[in-house]
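So the chains spell out like this:
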Amino acid sequence: MKPVIDEEMVEAAIQALQNERLVLGESVFKFEEEFARYVGVKYAISTNSGTDALQIALLALGLGRGDEVITTPASFVASANCALHIGARPVFADIDIRTYTLDPAEAEKALTERTRAILPVHLYGQPADMGALMDLAEEKGLFVVEDACQAHGAIYKGRKVGSIGHVGCFSFYPSKNMTVAGDGGMITTDDEEVAEIAASLRNCGRSDWYIFERVGFTARLNTVNAAIGLVQLKRLDKWNDARRRIAELYRRLLSGLESVVLPPRGDGAVKPVYHLFVIRTEHRDALASWLRSQGVECAIHYRLPIHLQPVYRRLFGFRGGEFPRTEELSRTCLSLPMWPGLTGDQVRYVCEAIEEFFDKELWREELRPSP
Ligand SMILES: Cc1ncc(COP(=O)(O)O)c(C=O)c1O
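Treat the numbers as computed from the prediction; the structure is a model and nothing was measured.

Enquirer: Looking at this structure, how should I read the pattern of salt bridges?
Expert: Side chains carrying opposite charge are able to pair once their charged atoms draw close together. Overall, the coordinates contain 22 salt bridges when judged by the stated rule. One salt bridge connects Lys234 with Glu8, and the closest N-O pair in it is separated by 2.5 Å. With Lys234 in helix H8 (residues 223-254) and Glu8 in helix H1 (residues 7-19), the pair connects residues that are 226 residues apart, well separated along the chain. You can call Lys234 exposed: its relative accessible area is 56%. Take Glu8: its relative accessible area is 34%, and that puts it in the partly exposed class.

Written out as structure tokens, the structure is:
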């Protein structure tokens, strides 16, 4: 995918650069206000990355050493690192492979007396099963922190993700559905106290410029990036609509292929935003190399789930086999090209190549032309 940086974004960046404070300038607060309005929460606190948003969110909820946070190993490593960064323990629970997201029944099995929070990930822009997860959290007195880093604008039962749990966290890394033209993140919440603590923690722990109330971080979003984010946010719905149209075309063109499992479509109440369009197939590696030989870029998110990353194997002794559905996803997932500027002809080209692969059984090595 390519991030879009248009004239209005460049103008906004120059305007902020020439006229505002470079750190915590006016655009930062405007971006926070607009983002809160967009997600449908009272407060939004910007940070310098999605990773910091997650870590600061957990701290602002009062979590720390000895606490456990239940999350899914089918994610980017930050979804678990955030717990380790604050001295807590990430406890993994398997996914529902149909939705790629945390299975509430598995989350329940992972509960202990140390569990303080559940951290579902809206992976690939697919909303997690928030109804069941919120019910579980309420019953057990737990916080829910939504990792919405891949799901800006996704809707679950009429509400935007990031407004359903106690806190939502977003990333603006350049490949996301919207960016700030660099690293950036956002914390969303309706809780005034959490918002105040998060704002202090990302600003060195300040309560006033020379008064430090907490052990905080230098984790602010820069003003110029916020100015670009404000313009990107205005485009987000249009871009998400384009992603949905592209997903529909993929779906229509690939639905006849028995060997391909398509991502969930959502319905009137649940609307994914297709940060990625991820299919599953037993012939994943052969299909990926065939597509590359045809000039189609595709990717694997993620070849290694978090628990099988070297650092997690070392820290927790995982060996494989612990989370079979997540491991199956890692073995079979393939991200097809997806960004709002993709044309219908390009999607058709990709789908024809996929069809040819299955029609001619090109997974058989001897039949596949070398790239
Ligand atoms: C699901 C998920 N969580 C967390 C992050 C961390 O965000 P960042 O890269 O902005 O630190 C990312 C993105 O990279 C992500 O995809």
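Enquirer: Just checking my understanding: could you explain the packing of aromatic side chains for this structure?
Expert: Here the distance between the centres and the angle between the planes together describe a pair of aromatic rings. Across all of its chains, the model carries 17 aromatic pairs by this definition. Considering the side-chain rings of Phe35 and Phe172, the 5.5 Å spacing of their centres and the 85° angle between planes classify their relative orientation as edge-to-face. Taken together, the positions of Phe35 in helix H2 (residues 26-39) and Phe172 in the loop between strand S10 (167-171) and strand S11 (185-189) put the pair 137 residues apart, joining distant regions of the chain. In this structure, Phe35 and Phe172 share a single accessibility class: buried. With a centroid separation of 5.8 Å and an interplanar angle of 20°, the aromatic rings of Tyr312 and Phe316 are classed as stacked. Within this pair, Tyr312 and its partner Phe316 are both found in helix H10 (residues 310-316), separated by four residues, close to a single helical turn.

Enquirer: I keep staring at the nonpolar core and nothing clicks. Help me out?
Expert: Side chains that are nonpolar tend, in soluble globular proteins, to be buried together. Core analysis: the largest hydrophobic core is formed by 70 residues, its most contacted members being Tyr250 and Leu291. Considering every element that reaches this core, the biggest residue donor is helix H12 (residues 344-359), with seven residues. Leave out the neighbours within four places in its chain, and Tyr250 touches Phe277, Leu336, Pro337, Leu342, Val347, Val350 and Cys351. Phe31, Met178, Leu230 and Leu233 belong to the second-largest nonpolar core, a separate cluster that totals 24 residues.

Enquirer: So what exactly am I meant to see when it comes to the layout of surface pockets here?
Expert: The gaps left among the atoms become clear once a water-sized probe is rolled over them. Looking at the largest pocket, its volume works out to about 810 Å³. Lining the largest pocket are 38 residues, and of these Met1, Ser175, His275, Leu276 and His301 sit closest to its centre. Those elements that provide at least two residues to the lining of the largest pocket are helix H3 (50-60), helix H4 (78-85), strand S16 (333-336) and H12. What the second largest pocket holds in volume is close to 210 Å³. Lining the second largest pocket are 17 residues, with Glu32, Ala44, Ile45, Ala195 and Ala199 sitting closest to its centre. Breaking the lining of the second largest pocket down by element, the ones donating at least two residues are H2, strand S1 (43-47) and helix H7 (192-202). Per-element accounting of the lining of the second largest pocket gives the leading share, six residues, to H7. For the lining of the second largest pocket, the class distribution of residues is eight nonpolar, two polar and seven charged.

Thresholds applied
Residues numbered from 1 in each chain as written. Predicted model: local features only at pLDDT ≥ 70, side-chain atom pairs only at ≥ 80, totals over all residues. Heavy atoms only, no water. Salt bridge = Lys/Arg side-chain N within 4 Å of Asp/Glu carboxyl O. Helix = DSSP H or I, 4+ residues; strand = E, 2+ residues; numbered from the N terminus. Buried < 20%, exposed > 50% of the residue type's maximum accessible area, 1.4 Å probe, protein only. Phe/Tyr/Trp six-rings, centres within 6.5 Å; stacked < 30°, edge-to-face > 60°. Core = buried A, V, L, I, M, F, W, Y, C linked by side-chain atoms within 4.5 Å. Contact = heavy atoms within 4.5 Å. 1 Å grid on protein atoms, 1.4 Å probe; cavity = no way out; pocket = protein on both sides within 12 Å on 5 of 7 lines; lining within 4 Å. Points joined across faces, edges and corners; volume = space filled by probe spheres on them. Nonpolar A, V, L, I, M, F, W, Y, C, P; charged D, E, K, R; others polar.

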